[in-house]
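So you can see what is in the structure, the chains are spelled out below.
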Amino acid sequence: WRVEAFEPDRRLLLHAEMRLPGRAWLEFSVVPSGAGSILRQRAVFDPVGVAGLVYWYGIYPLHEIVFAGMLRAMAREAVRLAGHVSTHSRVRNRG
């Protein structure tokens, strides 16, 4: 992964440098929400041809599991670093 854009405390955009049938990015953004924040994660894939479409939709279920786990781990670490005990955490996946 290569950092393509970075805005401290707001946004991180990573560009995949692995060999893929298309181009891929992974974006994290943080927005204030009440007394806390919402962490958003977005995967973008620009497929090349049918191979790219087959790749993206074929691996989609695995990405759902991996990305949801990544968000949960990031949320746990943020809570730990803040020194708070989380009484409510929620991870929403939106396709």
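The rules we used
Residues numbered from 1 in each chain as written. Predicted model: local features only at pLDDT ≥ 70, side-chain atom pairs only at ≥ 80, totals over all residues. Heavy atoms only, no water. Pairing = 2+ DSSP bridges. Helix = DSSP H or I, 4+ residues; strand = E, 2+ residues; numbered from the N terminus. pLDDT = per-residue confidence, 0-100. Salt bridge = Lys/Arg side-chain N within 4 Å of Asp/Glu carboxyl O. Buried < 20%, exposed > 50% of the residue type's maximum accessible area, 1.4 Å probe, protein only.

Visitor: Outline the pairing of strand β3 (residues 22-33), supporting the account with residue identities and numerical values.
Guide: Here strand β2 (residues 11-15) pairs with β3 via five bridges, running antiparallel. Bridge pairing in β3 places L13 opposite E27. The loop that links β2 with its antiparallel partner β3 comprises six residues. Across 12 bridges, β3 lies against strand β4 (residues 36-47) in antiparallel orientation. Residue G22 lies in a different strand from β4, and its bridge partner there is P47. Turn length for the β3-β4 hairpin, with the two strands adjacent in sequence and antiparallel, is two residues, and the turn residue G34 shows positive phi of about 60 degrees.

Visitor: Lay out the confidence of the model for the protein with the relevant residues and their values.
Guide: Of all residues in the protein, 87% attain a pLDDT of 70 or more, and the chain-wide mean is 87. Element-level pLDDT for the protein is lowest in helix α1 (residues 49-82), with a mean of 91, against a maximum mean of 98 in strand β1 (residues 2-7).

Visitor: Any details on the pattern of salt bridges? Residues and values, ideally.
Guide: Per the stated rule, a full pass over the model turns up eight salt bridges. In this structure, R2 engages E4 in a salt bridge whose closest nitrogen and oxygen atoms are separated by 3.9 Å. According to the relative accessible area criterion, R2 is partly exposed, its value standing at 36%. For E4, a relative accessible area of 40% puts it in the partly exposed group. In this structure, E7 engages R11 in a salt bridge whose closest nitrogen and oxygen atoms are separated by 3.5 Å. For R11, a relative accessible area of 25% translates into the label partly exposed. Because the salt bridges share partners, they merge into one network encompassing E7, R10, R11, E27 and R42.

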